[in-house]
Structures are given as C-alpha cells and as structure tokens.
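Spelled out, the chains give:
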Amino acid sequence: SSDLLMRLFLTAGVHAPGAAIPRMIEKIREDSARSVIPGEKAVLNAHLQKRRGDGVRMNLNHLGEAVLGEREAEGRLATYIQDMEDPSIEYISVKISTIFSQISSLAFDNTVAVLKERLSRLFRAAKQHHYVRKDGTSTPKFVNLDMEEYRDLTITLAAFIQTLDQPEFQDYEAGIVLQAYLPDSFEKQRELTRWARERIAGGGAPIKIRIVKGANMEMELVESAIHNWPLAPYDNKLDVDANYKRMVDYGMRPENIAAVRLGIASHNLFEQAYAYLAAQQHGVNESVSFEMLEGMANHVWRALRDTTGEEILLYAPVAAREEFINAIAYLVRRLDENTAAENFLRYSFNLTSDAPEWAFLRDRFLASCRRKHQAGTTPSRTQDRRTETVDEPRGPFHTGEFANEADTDWSLPANVAWAAEVRDKWMKRPGNAPEEIPVVVAGEAVFSGREAVDCIDPNQLPEKVVPARFALASAEDAARAVATAKADPDGWREMPHVERHRILSAVAVELRKARGDLMGCAAANTGKVFTEADPEISEAIDFAEFYPWTAGNWEALPGVTCRGKGVALVITPWNFPVAIPAGGMLASLAAGNTVIFKPASAAAMTAWQLCQCFWRAGVSKNTLQFLPCAGSTVGSQLTRSPEVDYIILTGGTDTGMSILEHRPDVFLAAETGGKNATIVTAMSDRDQAIKNILHSAFSNSGQKCSATSLVILETEVFEDPHFRQQLVDAAESYATGSAWQFRHRMGPLVHPPKGDLERALTQLEPGEEWALKPRSVEGNPYIWTPGIKWNVQPGTYTHMTEFFGPVIGVMKAENLDAAIDLVNQTGYGLTSGLESLDAREQQIWKERIEAGNLYINRVTTGAIVLRQPFGGMKK
C-alpha cells in the first residue's frame, strides 16, 4: 500500500536512496495518473482514445516551469510542433514563458516580436495538420495561450493579436485564457472582443476566450509583498466570482460570441449552471464549451455532459517520467487551491440539498450575482506612479512607521512608455554639447580654472558620446571644503533634529521626483540598465526616510544626548552611483554631521544629479559639498586631514588599508569587497539554483561586491550533464549590450577589463576549462558576455581572487562540509549563498559559513533597507 511504502521510505530510504527514491516516485506517478497523464506516447495515445470514446475533447498541457535558456525554449517549441503533427492530438495549451526565456516587460516590443515569430511557427503547424473528430469532420489543430502571472498579461495579449493579424492567419482560429481574479481581465475581454469583431467583419475567423478564475494567487501575493506593489488580483473570492459572471454575461451576447467563442472553465457547478442557462437564454450553445481539469472531479463533468448534452473539454496536464518533477509542483498548486476555505470542491463531496454547506455556497453565489452589477472595473495597477508629482513626504516623519519604497512595476504599459521618454532625454548624440559639472565648495559652484574630465557614454562606444564634463577639485578647494565643513556656517549641527528630519524627508520627495533622471543618468554615465538602476533609487529613498527616523529614535531616549561626530568624508564607488552615495550622505546628515562628498570619477555625472536632490530639498551647499577629485592627490589630502572626523568608504581593500596607515586614529566605516560563493547541494531545486546563480553573478554585469563569483557544486550536481547544459544555456541566453536597448539584461562595464578581471575573462588556470567563454561584443571594449569557468581547482587564482565582473568559477566538492571549507578559504566574508531544500544542510551551513549576509534558496544580491542589514567580515 501507499502507507506501507511511505513508512519504508522514511525508515530505510535514507540507507538505500538509489532503490527507494525511484520506487517512491513511480508510486506517486501511479497514484496521480488520473490527474497528470503520463507523457510516454503509448500511454498518452491510449488515454486520448479512451476520452475520444467518451465523447470528450482533450486540451493537452505539457507541464513545465518557465524555461531558463533559449535552447531549452526552442526544445519546448519543437515539442509543441510535434504535437501538431500527431494525429491523436487535437488541442494544446501553451505558456509564453516556455517558448521564450528572456521575457521582459520593459523590453515590450522586442519580447512581443520574438513571441510573434515563435507563435507563427506553431500556428503554421496547427493550420497544416488537421484532426479528424469522432463524427468524421476534419479541423485544424487548436492552440490556446495560457495566462500566467500578471506580468505577462499585456505581453500575451499583444503577441496573440499581432500573430493572428498576419494575413496567413486571418482564417485560423486560436484561443487565449483570461483570469477572472484580475480586475483587468474584463476590460481586456472587451478589447479582444472589439478586435475580433473587426476581424470577423473583414472575413477572418473567430477566436476563443477561455474564462478561468486564476491559479497563481499565492505567487501574486508573494510578488506584491516583496515589491510593495498593490495586489494584482482581487483580494476576495466574492469579487472574483462577480467578475467571472460579468465576463460570462458580456461574452454570451450574440453580437460578441459570434466573434469570440467561450470556454467556461470551472469546477464550481454554480458557474457552469449559470453559463449554461445564459447560453440557452441567448441561443448560443453551439459557441460555448464547458471545461474542467482531467482527473479532478470526473463525476462533475460526466453529470454536466449527461444532463445538458453539451460539449465537454478536459484540460489535461501531461508529464513524461523525466518531467515528473514539474507534475509535483502542479499537484501541490491544485491541492492548495482546492482545499482553500471558499473553494467549491472543498464542499462538493458531501453536498446534499439540505446541507448547511449548500446554503453557504448558494448565498455566496447570490451575493456575487448582486455584486457583479456593483463591482468596478478599474484594474489594480493601471496608474502610472512614475509620472506623478509627489509633493508631500510620505515616510515615517509623517506616518510614524517605515515602509520600503516600491520599485517601478514594469508590467504597466504606462511605465514602459515613461521609460522610453527617459531614454529619449538621456541618450545623448555626438553633436550634443556636454553639460558642465562644477565643484561645489563653501556654498559656491565653480567650474572654470579647474581640470575637466569627460564623461563618456559606455553604451555607444566605439562612437564617442560625451554627455557631460566635470571639474576636478584642486588642493585649495579641498582645504577650503574642510574648513567650511568644520565651521558649519549654516548651523546644521545645532539644528534641532526634527528640523533636520523635515529636510531629509524632503530629500526623499526630491528623489521620487527625480527617479527618471537618476535612472537615465546612471545609464548614460555608468551603463546601468534601467531595471537595475530603478531599485537602487528606491533604496536611496528608503535611506532618506529610514536614517532620520532612526536618529530620531535615539534622540527620543530619556537621559540620552545625541550629537554628530563633526566632519564626514564620504567616498563612494561607481557600481552603485545612487544608493551607496545616498546612504553615506543621509546617515551622516541625519546624525547632524556636515559632509564632504567625493564620488568616483566614473560616476561623477550621476553623483551631481543626486546632490541636486539634496540641495533642492533644503540641505545647503555649505552642509553638503561636492568634490570630485583625483584619489591619489587631492583625495589623499582629504583622507589625511586631521579635521575630518570620520570616513565612510566603499571601495577597494587597498584604499581602506592605506587610509588607516596614514590616519590610524580615524573612525573608518569601510565596505571593501567580496569573493562570494553559492553552494549547490544534491538536495537543491536545480532549476531554481541556476536562476538564482545567474542573477547573483551577472546582474550589474557582475560589478557588485555581493555578486556570486564562485559556484561550488556537490559531486552529484557537478557530474550532472543536464545541470551544466542548463546553466550554460541560461547564461548564453542572457542578453548583453547597450543599456539603451531595453532587451539587454546586462549592460557595459564601467571600464574596459584590466588587471585581474582581464586575466579572468581571457585566460584559464591549470585544470580549468571554458563551459562558456566570454567575448567582447558590438566592437565595444566595455561590453562582455557572461563567462563560466569549469572545474576550478582549490587554492588557485580563480578560487581566491576577486574579479568584479561577469565571470564565475565552478568548483566541485565531495560534500557540503568540503564546499563550506572552500568558501571559507577565500579570506572574504561578505555574502554567501546556499541552494538546498534540506533543513539539516541549511543548519550546518549557517553554523559553519563565515560571511555577514547569508542567503538560502535565493539570490545573493539586493539587500533591502530594514529587511536585510548589509555588512560582512574578514576582507
């Protein structure tokens, strides 16, 4: 029995996993075969023939999560085309995330263009191959586009319409799903219907809309919570049910259903009965199909078929033995949905005409019918937050509570249009006159008489585009800046904290207003892609709200007096040109210090834009002074000055050690580097591990101190050819190039590779091989594709050296303890990652790993204010 097998598995399985695990998986396959059809051809065809005999149509869905790389995507597309060639298959459902691995809401036009080309190949195959129904009629194969997460709603609709708008598909009927739990869906249904009616009027074929409730609620809840976005779906079942009926009512109108046939997909008998009666009332039964899940409630569809005589279509998940891991995820989702407190199936097994559950469901049904006439149709997220003017602070100064700033939601078309406007403004041309950026010292902005340095747009090389030129501070400027900061002529130190807090909350407002300019400037100055610049600006806003709030908490302590240290020198890098400078300046200002800001020369243009937010908000140019300068001369003069009370440094280890050598008495807060690793054990979710590794290693072109630089695989994973193939495919598919082209996920480096990074990108060490060799692209020495070194040896240059670029070294470890030893040997301890689903392994790793920020089954980058304090140990 299943119970006996489970007991044996739990007791003896750990001693003989090679025998126990395959038998356990096979038993799960057997027990779930009613709900997940085995994908092996003989078994699948036998099941299809059985259902054909039952007079039931079948809609096949090959189970599988979103693909990671383009080779995998092409493989999935080939599978779908093979389905079209199979005489026993009539109808399939396809998710766009399985045929394109690089879907991007921001790169909307490119994403839709790629999907259009791939859907065209699939629709073409569907047209060419006909299915012969039981009654002898022959019909083209049918393709239905499934709907996934909210992010893909607009993309899926656009790809569907643009593909079918091509002349060769005017006479082809295809389908698409709309989810009633999204408020947006009713309006999208109306848009589709208007388009389909025009298509019919022009002699084209109708389309089909399959109406479902929606199956990704848990994922949408997590997504909204992580990003601080409004929840995309309705937050209660009553509104979902009302929207479902509203969509059914609209779709059943004769003038609409002639162009848009309906699939009523639900296991709720109330929904099926309502739709059946509506179809009868309008006389449109021939244009409606009633649809349910294979194996989920067979008695329900049989009763519906036998009572009404209507066509039944079963949505049938399919998974071959090697794909069965995907079926487990599917079954868990179905179990979660169907046992929810308000789900009809929870009660359907015991319903009788006098059962209290029946009355409860009847009342909910009647309430949703009433509500459908009252519920609005305004979608949850349609407004464009990024072009609004935010005139009032909304942080803890006013609310008493801290909440993280939300990143831009790129799934909203209005935000994509806004990003294009930002690009038009900041993508300068060779003929444009560069902006002149002055030094700001003692309240004065001075440009003339100083050496000036060009800011070169790294995206457009080899064509030289200079959007700005900045002045370098002289030794006299530095001396004057220190004297002014010491004197504090505008009284920042003596200002009551509540007034400082008011001004810094105004800085948060200015940062919100400047989001587009900061994002565009960071792209022009440092090559940062928009999707990575945007969360950095959110982090800066968080600093502006959080630091003065925290300082206020100290101020409020009874018997405690707080004062700043005096003069702050904030030295920042180029890899985070907004967030890191903002953090150093805001922490200093919140505590009542005056600030001398020395930005990295490679990010001076963005630093200038950032400082203007401070000055516009009311921080004076005596309180915050702007001093780009040469680090070895004027910069050294600043760090050695005894009038500087403390230094905040984000930069190289050598710089930090040099500062302490010359000023051993100075208070130095330094974050200097990382050689971070992600360990992947045999107990990991390997698809998830690859996805997390790629983001950790290659976001920001690998130019993060927190980036994953080493990947240490337990032997079983290292020797798994499928894991290596997937990792390489996914990295090779990572679109790389100019930040001005939104399809690129990885932009240019800040400098052409040199030193350690150049060696890492171009040379192998003993024992290593290239799993994926990096290359320079577009004739631009700043732009390099991802690189993967395989079989890195312990103690070697690749193992022990920080590279700060888009290359990872993959190592093999016999077990978890050996992997941890390899991580701890590097001498660095900033971030570290573990990919393992085993709680015992997680505990061992947490106890032994030597790093400041630990990440389990997630990316090793992207710390967020208050959620994750950021810092490390060792180097």
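Since the structure is predicted, the reported quantities are computational estimates derived from the model, not experimental observations. (Residues numbered from 1 in each chain as written. Predicted model: local features only at pLDDT ≥ 70, side-chain atom pairs only at ≥ 80, totals over all residues. Heavy atoms only, no water.)

Trainee: Describe the overall build of the protein chain, listing the residues and the values that go with them.
Mentor: Looking only at helices and strands, the protein chain features 32 helices and 30 strands. Seen through its C-alpha atoms, the protein chain measures out along the principal axes to roughly 95 × 60 × 60 Å. With 875 residues in all, the protein chain has 58% of them scored as buried. Sequence-distant contacts, at least 24 apart, represent 73% of the contacts inside the protein chain between residues at least 6 apart. For the protein chain, the accessible area works out to roughly 35300 Å², and carbon and sulfur atoms hold 53% of it. (Helix = DSSP H or I, 4+ residues; strand = E, 2+ residues; numbered from the N terminus. Buried < 20%, exposed > 50% of the residue type's maximum accessible area, 1.4 Å probe, protein only. Contact = heavy atoms within 4.5 Å. Areas by Shrake-Rupley, 256 points an atom, 1.4 Å probe, with all protein chains shown as cover.)

Trainee: Requested: an account of the sheet that holds strand β15 (residues 452-455), with residues and values cited.
Mentor: Strand order in this open sheet of three strands is β12-β16-β15, and the pairing throughout is mixed. Of all the strands in the sheet, the pair left with one neighbour each is β12 (435-437) and β15. Each adjacent strand pair in this sheet contributes to an overall mean axis angle of 25°, direction not counted. As paired elements, β15 and strand β16 (residues 468-471) share four bridges and run antiparallel to each other. Bridge pairing links Val453 to Phe470 in β16. (Pairing = 2+ DSSP bridges. Axes fitted to C-alpha atoms, helices over the stretch in contact; angles between N-to-C directions.)

Trainee: Would you mind going over the sheet that holds strand β23 (residues 708-714) in detail, with residue names and values included?
Mentor: In space, the seven strands of this open sheet follow the order β24-β25-β26-β23-β22-β28-β29, with mixed pairing throughout. Lying at the two open borders of the sheet, with one neighbouring strand each, are β24 (769-772) and β29 (853-856). If you compare each strand with its neighbour and ignore which way they point, the axes differ by 25° on average. In this fold helix α26 (residues 686-698) packs onto β22 (676-680), β23, β25 (787-790), β26 (807-813) and β28 (831-835), with an angle of close to 135° to the strand it touches most, β26.

Trainee: Account for the side chain of Ser266, with residues named and values stated.
Mentor: Examined against the element boundaries, Ser266 turns out to sit in the loop between β9 (260-265) and α11 (269-282). At 2.9 Å, the side chain of Ser266 forms a polar contact with the backbone nitrogen of Asn268. Discounting residues that sit within four places of it in the chain, Ser266 has contacts with Tyr244, Glu271, Gln272, Glu291 and Met292. (Polar contact = N/O pair within 3.5 Å; in protein donor to acceptor, adjacent residues only side chain to side chain.)

Trainee: Hey, could you go over the environment of Gly295 for me, with residue numbers and the actual values?
Mentor: Considering the arrangement of structural elements, one finds Gly295 in the loop between β10 (288-293) and α12 (298-308). Between the C-alpha atoms of Gly295 and Ala471, which are 176 residues apart in sequence, the distance is 72 Å. Every residue in contact with Gly295, bar those within four places of it in the chain, is listed here: Arg34 and Ser35.

Trainee: Explain the pairing of β23 residue by residue, including any values.
Mentor: Along a regular strand, successive side chains alternate from one face of the sheet to the other. The buried fraction of β23 amounts to seven of the seven residues, a majority that puts the element mostly inside the structure. The pairing of β22 with β23 spans five bridges and is parallel. Paired with Asn676 across the two strands is Thr708, which belongs to β23. Note that the unit made of β22, α26 and β23 has a crossover that is right-handed. Where β23 and β26 come together, five bridges link them in parallel fashion. Paired with Glu714 across the strands is Ala813, a residue of β26. (Right-handed = clockwise from strand over helix to strand, strands pointing away.)

Trainee: Break down the environment of Phe803 for me, with residues and values.
Mentor: Relative to the helices and strands, Phe803 resides in the loop between α30 (797-800) and β26. Given the relative accessible area of 6%, Phe803 is considered buried. A sequence separation of 98 residues divides Phe803 from Cys705, and the C-alpha atoms of the two residues are 9.7 Å apart.

Trainee: How would you explain a nonpolar patch on the surface if you had to name every residue and give the values?
Mentor: The grouping of Trp554, Leu557 and Val560 at the surface amounts to a nonpolar patch, some 290 Å² of accessible area in total. Counting through the fold element by element, Trp554 comes out in helix α21 (residues 530-555). (Patch = residues over 30% accessible without salt bridge, like charges linked within 9 Å, V, L, I, M, F, W, Y side chains within 5 Å. Salt bridge = Lys/Arg side-chain N within 4 Å of Asp/Glu carboxyl O.)

Trainee: Go over the packing of aromatic side chains with me, naming the residues and quoting the values.
Mentor: Across all of its chains, the model carries 21 aromatic pairs by this definition. Ring centres of Phe123 and Tyr172 lie 5.4 Å apart, and the angle between their planes is 45°; on these two criteria the pair is classed as tilted. Within this pair, whereas Phe123 is found in helix α5 (residues 108-128), its partner Tyr172 is found in the loop between α6 (153-164) and β7 (175-179), the two being separated by 49 residues in sequence. On the accessibility criterion, Phe123 (0% relative accessible area) is buried. Tyr172 gets classed as buried once you look at its relative accessible area, which sits at 2%. Between the aromatic rings of Phe718 and Trp790, the centroid separation amounts to 5.0 Å while the plane-to-plane angle is 25°, which identifies the pairing as stacked. Separated by 72 residues along the polypeptide, Phe718 in helix α27 (residues 715-718) and Trp790 in strand β25 bring together distant segments of the chain. The residues Phe718 and Trp790 share a single accessibility class, namely buried. An aromatic cluster is present here, built from Phe402, Phe543, Phe546, Tyr547 and Trp549 joined pairwise through their rings. Residue placement shows Lys528 over the ring face of Phe576; its charged tip is 4.2 Å from the ring centre. (Phe/Tyr/Trp six-rings, centres within 6.5 Å; stacked < 30°, edge-to-face > 60°. Lys NZ or Arg CZ within 6 Å of the ring centre and 35° of its normal.)

Trainee: Just give me the short version of the layout of surface pockets, but keep the residues and values in it.
Mentor: One number sums up the size of the second largest pocket: a volume of about 1400 Å³. Around the second largest pocket, the lining comprises 43 residues; the ones closest to its centre are Trp574, Gly651, Gly652, Thr653 and Thr655. For the lining of the second largest pocket, the elements supplying multiple residues, two or more each, are α24 (631-640), β20 (646-650), α25 (653-662) and α29 (755-762). A per-class count over the lining of the second largest pocket returns 15 nonpolar, 21 polar and seven charged. (1 Å grid on protein atoms, 1.4 Å probe; cavity = no way out; pocket = protein on both sides within 12 Å on 5 of 7 lines; lining within 4 Å. Points joined across faces, edges and corners; volume = space filled by probe spheres on them. Nonpolar A, V, L, I, M, F, W, Y, C, P; charged D, E, K, R; others polar.)

Trainee: Can you tell me about helix α32 (residues 839-848), naming the residues and giving the values?
Mentor: For α32, the complete set of buried residues consists of Glu841, Gln842 and Trp845. Buried residues of α32 fall within an arc of 100° about the axis and therefore sit on the same side. Counted as exposed and oriented over 90 degrees from the buried face of α32: Ala839, Arg840 and Glu847. On its buried side, α32 packs onto β22, β23, α31 (816-824), β28 and β29. (Arc of directions from axis to C-beta.)

Trainee: An account of the pattern of salt bridges is needed here, citing residue identities and associated values.
Mentor: Counted by the stated rule, this structure contains 52 salt bridges. Between Arg51 and Asp54 there is a salt bridge, with the nearest N and O atoms lying 2.8 Å from each other. Take Arg51: its relative accessible area is 3%, and that puts it in the buried class. Of the charged contacts in the structure, one is a salt bridge between Glu510 and Arg616, with a shortest N-O distance of 3.1 Å. Within this pair, whereas Glu510 is found in helix α19 (residues 497-513), its partner Arg616 is found in helix α23 (residues 604-617), the two being separated by 106 residues in sequence. Under the relative-accessibility criterion, Glu510 is labelled buried at 13%.

Trainee: Describe in detail the side chain of Ser706, supporting the description with residues and values.
Mentor: Inspection of the secondary structure puts Ser706 in the loop between α26 and β23. A residue is classified by how much of its surface remains accessible, and Ser706, at 6% relative accessible area, is buried. In this structure, Ser706 is in contact with Asn676, Leu830, Thr831, Thr860, Thr861 and Phe870, ignoring residues within four places of it in sequence.

Trainee: Quick rundown of the packing of helix α4 (residues 70-85) against α5? Include the residues and the values.
Mentor: Angle between the axes and distance between the axes: these two values describe a pair of packed helices. Interhelical geometry of α4 versus α5 gives an angle of 15° and a closest axis separation of 8 Å. Viewed along their axes, α4 and α5 adopt a mutual orientation that is roughly parallel. Like other packed secondary-structure pairs, α4 and α5 cross with a definite hand, here right-handed. Across the interface between the two elements, Glu70, Ala73, Glu74, Leu77, Tyr80, Ile81 and Met84 of α4 pack against Arg118, Arg121, Leu122, Ala125 and Ala126 of α5. Tallied by class, residues from the contact of α4 with α5 come to eight nonpolar, no polar and four charged. (Parallel < 35°, antiparallel > 145°, perpendicular 65-115°, else oblique. Left-handed = near helix turned anticlockwise from the far one by under 90°.)

Trainee: Can you explain the state of the cysteines? Please cite residues and give values.
Mentor: Inspection of the entire model under this criterion finds zero disulfides. Left without a disulfide partner, Cys613 is nearest to the cysteine sulfur of Cys611, which lies 9.0 Å away. (Disulfide = S-S within 2.5 Å.)

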